[in-house]
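# Structural description and commentary
Residue-level listing of the chains:
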Number of protein chains: 4
Amino acid sequence: MTVSREVELEGHIIDSGMMQSCFGIIMDLGGSFSVQEFDIGRHKDEESYARMLVEADDEDQLQSIVHELHQHGVNPSDPKDATLVPAPDDQVVPHGFYSTTNHPTYIRHDGEWIEVEDMEMDCAVVVEDGDSPQAYTKVLNAIEEGDLVVTDETGIKVQPPERPRDSGGAFGFMQGGVSSERPSESTIRKIANAIRETKKEGGKVLAVCGPALIHSGAREDLARLVREGYVDMLSAGNGFAVHDIERDIYGTSLGMDTESLDHPRHGHKHHIYTISEVIREGGIEEAVESGTIESGVMYECVDNDRPFVLAGSIRDDGPLPDTITDAVEAQNAIREQAHEADMVLMLSTLLHSVAVGNCLPSTTRVVCVDINPATVTQLLDRGSAQAVGMVTDIGTFVPILAEQLLDEE
Amino acid sequence: MTVSREVELEGHIIDSGMMQSCFGIIMDLGGSFSVQEFDIGRHKDEESYARMLVEADDEDQLQSIVHELHQHGVNPSDPKDATLVPAPDDQVVPHGFYSTTNHPTYIRHDGEWIEVEDMEMDCAVVVEDGDSPQAYTKVLNAIEEGDLVVTDETGIKVQPPERPRDSGGAFGFMQGGVSSERPSESTIRKIANAIRETKKEGGKVLAVCGPALIHSGAREDLARLVREGYVDMLSAGNGFAVHDIERDIYGTSLGMDTESLDHPRHGHKHHIYTISEVIREGGIEEAVESGTIESGVMYECVDNDRPFVLAGSIRDDGPLPDTITDAVEAQNAIREQAHEADMVLMLSTLLHSVAVGNCLPSTTRVVCVDINPATVTQLLDRGSAQAVGMVTDIGTFVPILAEQLLDEE
Amino acid sequence: MTVSREVELEGHIIDSGMMQSCFGIIMDLGGSFSVQEFDIGRHKDEESYARMLVEADDEDQLQSIVHELHQHGVNPSDPKDATLVPAPDDQVVPHGFYSTTNHPTYIRHDGEWIEVEDMEMDCAVVVEDGDSPQAYTKVLNAIEEGDLVVTDETGIKVQPPERPRDSGGAFGFMQGGVSSERPSESTIRKIANAIRETKKEGGKVLAVCGPALIHSGAREDLARLVREGYVDMLSAGNGFAVHDIERDIYGTSLGMDTESLDHPRHGHKHHIYTISEVIREGGIEEAVESGTIESGVMYECVDNDRPFVLAGSIRDDGPLPDTITDAVEAQNAIREQAHEADMVLMLSTLLHSVAVGNCLPSTTRVVCVDINPATVTQLLDRGSAQAVGMVTDIGTFVPILAEQLLDEE
Amino acid sequence: MTVSREVELEGHIIDSGMMQSCFGIIMDLGGSFSVQEFDIGRHKDEESYARMLVEADDEDQLQSIVHELHQHGVNPSDPKDATLVPAPDDQVVPHGFYSTTNHPTYIRHDGEWIEVEDMEMDCAVVVEDGDSPQAYTKVLNAIEEGDLVVTDETGIKVQPPERPRDSGGAFGFMQGGVSSERPSESTIRKIANAIRETKKEGGKVLAVCGPALIHSGAREDLARLVREGYVDMLSAGNGFAVHDIERDIYGTSLGMDTESLDHPRHGHKHHIYTISEVIREGGIEEAVESGTIESGVMYECVDNDRPFVLAGSIRDDGPLPDTITDAVEAQNAIREQAHEADMVLMLSTLLHSVAVGNCLPSTTRVVCVDINPATVTQLLDRGSAQAVGMVTDIGTFVPILAEQLLDEE
């Protein structure tokens, strides 16, 4: 005797590989299925629809298949309400809590589908009951006693974004593996177009930057992009800000003059002197106001009111007074920026890019640039439908991008 | 009219390249010199001595040459006392403060040389006056108003360690560049000997570990090394502990069974469930005591009283209750471990290795193992005389090391 | 008015992604389709079948769609004979010649399907007419005037191998991206099992080896594998043989003693002396017979009659008399080995692995081992259904593999 | 009882590290020494001189020390003539033949020092006697029976080039390790200056190019540099030429349109069709003349009479009729170009760069550009005093270099 449940697939279910995953899951988990309706979109802009009956040996197996299926966007045709269990204590989730993906997600509550707000992965979903009930994500350490947490697999609908082969949009390129053997200038032109398009639609661009950007001489061009409004927000670490300011005060980055390539004597002390100067002033904004800092990325952020988050790390010197040293507090600041961003440029930093990426829904446009292919691969490997990776030198990427955006208008 | 000052070089001044640097510095900075005494050690265990007169055009130039020289271990033959200036405010150093190297350093005070304690680089030196005056390093954010801080270049003696070509010790090998094309098993044997030697001398071994160690299947062998006392302390991040415990509770690491290489369904949620379980218990020690955690690296640390530091980072999930989320607090915990360690194994983590390396004097033995040559190069590039790098797979390195240490005794 | 053609798909058409590719091709090329029969294998060991009508605006477009489809294994249900055109001159193919994939391929000739022999990619297909007609691949430079060469797209059937998710066999693991963060020892155990299985089935194992294998100290263990019959054939370059023999005669590899890690003085000349010695003897076999070479990989090849190919390259010193200096001649020797091999181990050489890989059909088992992830990615990126990549240190990989195969039987 | 010999050091013996090496060698090999004269150049443009007595326990040890010393440029103050032994057979050198470094070398013959011509490393030195005797290098396979070959260590003087810290010339920058975290645009500006300087002095620039240059979209800018005379000679492989021509005929490189980033259907066959077209024409020059090839790097080489060498390799498809398939013949062609070059640009190819580098004396200017730091390190690791490495993206490097050279004059 078997048990069964009817499920539905909708959208570009063949192109996106959804149907392939779906059949695979059922067979892997020992179930079987019969396709009851199958309406294939014959043109690339037509959506498809499939309805099928999933069969399993017992209820447990069926549950497990159905759970796995909706992680991939396959939903029961006859849904039930989500199960809500109050959190037993602060920071403690109920057993069997539902851990989120980064895809758009809906919760069935009182027979209605509610979209979960602030989607990001590895969170719990908390439902706030009332006249107009709301559902949103909470990271584990933000759970409070009594929060109504969604548990087990029922009443949840996930919509993994489809990656259409030919979207026509700025991001309809560069799918496939990561390699340095790709046309560099043409790719940068496409990225510039995507930034322009994002700005035109009123969107916000967040740049996530590592100190290599400064060392490799790209500071002045990034500063121009901030000034001219192509970068609306900045996410970086203490080291990025220190070397940016070091270049302003001492003309060096990590002790090397990025113009002449000289290593002035004492240069290896410039970064610690820089920190000391900014501490003396009380912070970056104060140092800009007093005229101690007169140029650079941080200067343009302050001067043009572009909000920045400097997240601390255990390898920091100093740190600067602006650096948020508590990781949880810093994550919250990053989270806020990430949720506001419509496009994210991840520029030669693995640590900060992962931190920002953790807070992004899969629908946000992401560009990852690094000279190490392993870094780009790791950053792209998160199921974003809109991510583009490029293996190149940040010290040539930013100048060419700036030229494309600023000089070729 | 010129000014001049007499300086001295002692030790393996030719082998170690000290004399070459010294002549170079003087000529680069526009000075000249005459060698007044030159006694070369003709055999490899003999030390050399040189005394010379440095000449410059004016006092400023001379100061600058002499300052640069003693950064490289060349000291005036007629030293003066160090200059002490009180810190004007908390976290604020006096202008022109002396920023440390990681080499053994002495401060001249009341005509006596005092060794600076807790040497690490990029710190200020604070002198505590009194009957038996003391000098020690302080990071910038630990400076308190009124601290007597060493400024400018006088009265300071630095001793960069020499890297003898043929030390006879366990670390007299593998000098030169970093490459994966080195004999792997022979190198691991040398490292095993160095660990044995360190333990025999009563020294302490600190392992700095990244999560790749767990993913690559080396967890069980590292756990044995902790249990058998070849690793005395552990420095890691939240992710390392989470995946180590995930493997215990769910049999996976990052969702993959490290034995069978299967990816069990739900595997991608195991790490977040693991965090949730440990939070529920209140911490790792509590989870070991309650029997929730029954094996692995963290288990052996708790079971055998090996102290561990888990430093937080902005990419952490959770984090575990044991993770120190504040970067400054975490650095202090790391600093304490680093100062106690006689040998440090840096195992496939750049972030934590840099953090620990920042706190180490140049005299501590360091082994860096990573599959990315750029990581090994960056870690070795800190002037440690006792650092050995190896480009290899951590998943084969740890098992072979454990075999060498445990099975071939 | 549209034109149409009926095509068929058979096998694991969903699992293998074939159906997804097929629909994508039709839509990309501006055609449309209707599914006329669709029989899905509901269990993982059941095959599926689909028949559909492809429609296009004109015959050209239809041709182009149908051509592209059968590159992906979709074949017209109503096939015609292949078009044969005689080659106009030596080394000159007819216009529009069919350039092969590396998948099993059939040519329709006189109404019968003939399997193309010696499948490898980027070749022409030549048909030898007669009572029992034959079809085989020819590289461009082997074409002779008058050869009957298959042109355009009709009458050709390609069968891309399916990569079943759960084959049960030794290679049913490690699908997905390339990363160093995989369980190393468990993966090596799987590879050892695959070698054992291949030998048990009477298959032949070809090892493709770079000089890094010798430098990293894996020589002795590879020599054991040759001696014990786990490696049947060897494909390498001049440098591999030189350093293998250098280690025998002088105890070094690239001048370094791979046991003691010493660099004996004169060591940098050992490789050129080695070449000189072998030239003096007349070749490797002669040098083994005369007792000049007494151990190592080349020694075991000679001693145990394992055929080897040493292919020359422009960076060779010497070269040894055994090295085939002409690239085309060397390719032919490699091709012969490749066609005989049932399993290929590609060990830390990009150049030789690509050369061998070029000659392999997609059905041969391939294992690629390199410490550089980009190398492994590039080697796997050839559509082989049976390829497994591992990012690890060859100097630890070979010893652990040898231990698995030889000591744990 | 000891034996002794007097040796001399001249030049920037401290700056260049020569003295340090010298003392090290003597001590390593168990000898001792006394410095008899020591005259240090006190300014950076003054040379130094040292004379010392080397002592050893017996004649063998002394020989071995003295041999090693002159490899590092330390020569006996009382030299003897070089020992000449006739080669016993074709390709067979006498026992104990002298194997060259890549540094300028002199042979003492009949009491006179003769400079060895065509210096390159790992060669034998052959002396042609007569009225005006000559000495030149020969690779092992070019040795003919009866050639007078220099053996053992006497009568040879080597002059390793000094790398002055502040040469003022275009190459007085970027010493030190290899890293991607260097100022990219400033470095390219320095390289452009060095090219300009080389051309101004009437020198020749050889570009060594890999196919990644074409794939990454840098083809048009390299073609401009060839046309405008900044590149005088080209050294590449079959693949480089094929993809350059593929881009001309089909608009793609490896099947991808380098402008639009599209993958036209059939694109994966373009390279083999390209080869077929050029074979049909009889070669590249013929295809340029017939109008089949109308643009690109190879086109500009033909059109502007810039000689090119296409060296074959075992991974080649085709190959093109212009490709030299025999490795020894190709090496000879490369050698001729290398000896003519005053500056060599090694652009994203390890194989061809090593082949060219093998034939260069240590006095030729070399620039190595690759995105893989390990490649750059390996290429720089050859004792050239004039080598500069840069870790960057060839697809952005060439356009910026061309802009610097062509647009900013």
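Rules of the game
Residues numbered from 1 in each chain as written. Chains lettered and ligands numbered in written order. Predicted model: local features only at pLDDT ≥ 70, side-chain atom pairs only at ≥ 80, totals over all residues. Helix = DSSP H or I, 4+ residues; strand = E, 2+ residues; numbered from the N terminus. Buried ≥ 20, exposed ≤ 12 C-beta atoms within 10 Å, placed from the backbone. Contact = placed C-beta atoms within 7 Å. Least-squares fit on C-alpha atoms with pLDDT ≥ 70 in both. pLDDT = per-residue confidence, 0-100. Pairing = 2+ DSSP bridges. Axes fitted to C-alpha atoms, helices over the stretch in contact; angles between N-to-C directions. Domains from an automatic or database assignment. Nonpolar A, V, L, I, M, F, W, Y, C, P; charged D, E, K, R; others polar.

The helix and strand tally for chain A stands at 13 helices and 19 strands. Along the first, second and third principal axes, the C-alpha atoms of chain A reach 80 × 50 × 35 Å. Looking at chain A as a whole, 55% of its 409 residues are labelled buried. Partitioning the contacts of chain A with sequence separation of at least 6, the portion at a separation of at least 24 is 66%.

Rotating chain C by 180° and moving it 0.0 Å along the rotation axis overlays it on chain B with an RMSD of 0.0 Å. Here the two chains are linked by the operation of a two-fold rotation axis. Using C-alpha coordinates, one finds that chain C approaches the rotation axis most closely at Asp393(C), a distance of 2.7 Å. Interface residue correspondence from chain C to chain B reaches 100%, placing this contact among same-surface, isologous pairings.

A word on the confidence of the model for chain A. Residues and elements named next belong to chain A. Residues with a pLDDT of 70 or more make up 93% of chain A, whose mean pLDDT is 89. When the criterion is pLDDT under 50, residues 164-170 qualifies, and its contacts beyond four places in sequence or with other chains add up to 13 contacts. On the interface metric, ipTM, the complex scores 0.89, and its pTM is 0.91.

Through backbone hydrogen bonds, the strands of a sheet pair up, either in parallel or in antiparallel fashion. Residues and elements named next belong to chain C. Here we have six strands laid out as an open sheet, ordered 16-13-12-17-18-19, and parallel in their pairing. Only two strands of the sheet have a single neighbouring strand rather than two, namely strand 16 (308-311) and strand 19 (387-391). Averaged over all neighbouring strand pairs, the angle between strand axes comes to 15°, with direction disregarded. Taken together, the four bridges between strand 13 (residues 233-237) and strand 16 define a ladder with parallel strand orientation. Residue pairing in the sheet places Ala 236 in a bridge with Leu 310 of strand 16.

This part takes up the domain arrangement of chain A. Residue and element names in this part refer to chain A. What the domain assignment reports for chain A is domain 1 (1-78), domain 2 (79-161) and domain 3 (184-407). For domain 1 versus domain 2, the distance between C-alpha centres works out to 23 Å. On the domain 2 side, the residues contacting the ten residues of domain 1 number eight residues. Counting residues per element, the ones that place at least two in the side of domain 1 that touches domain 2 are helix 2 (59-71) and strand 4 (75-76). The biggest single contributor to the side of domain 1 that touches domain 2 is helix 2, with five residues. When grouped by side-chain class, the residues that make up the side of domain 1 that touches domain 2 number two nonpolar, seven polar and one charged.

With that settled, the discussion passes to the environment of Ala327(C). Locating Ala327(C) in the fold gives a position in helix 10 (residues 327-340). A residue is classified by how many C-beta atoms lie within 10 Å of it, and Ala327(C), with 28 of them, is buried. Residues Ala327(C) and Leu53(C), spaced 274 residues apart in sequence, show a C-alpha to C-alpha distance of 47 Å. Leave out the neighbours within four places in its chain, and Ala327(C) touches Gly312(D), Ser313(D), Ile314(D), Asp316(D) and Thr325(D).

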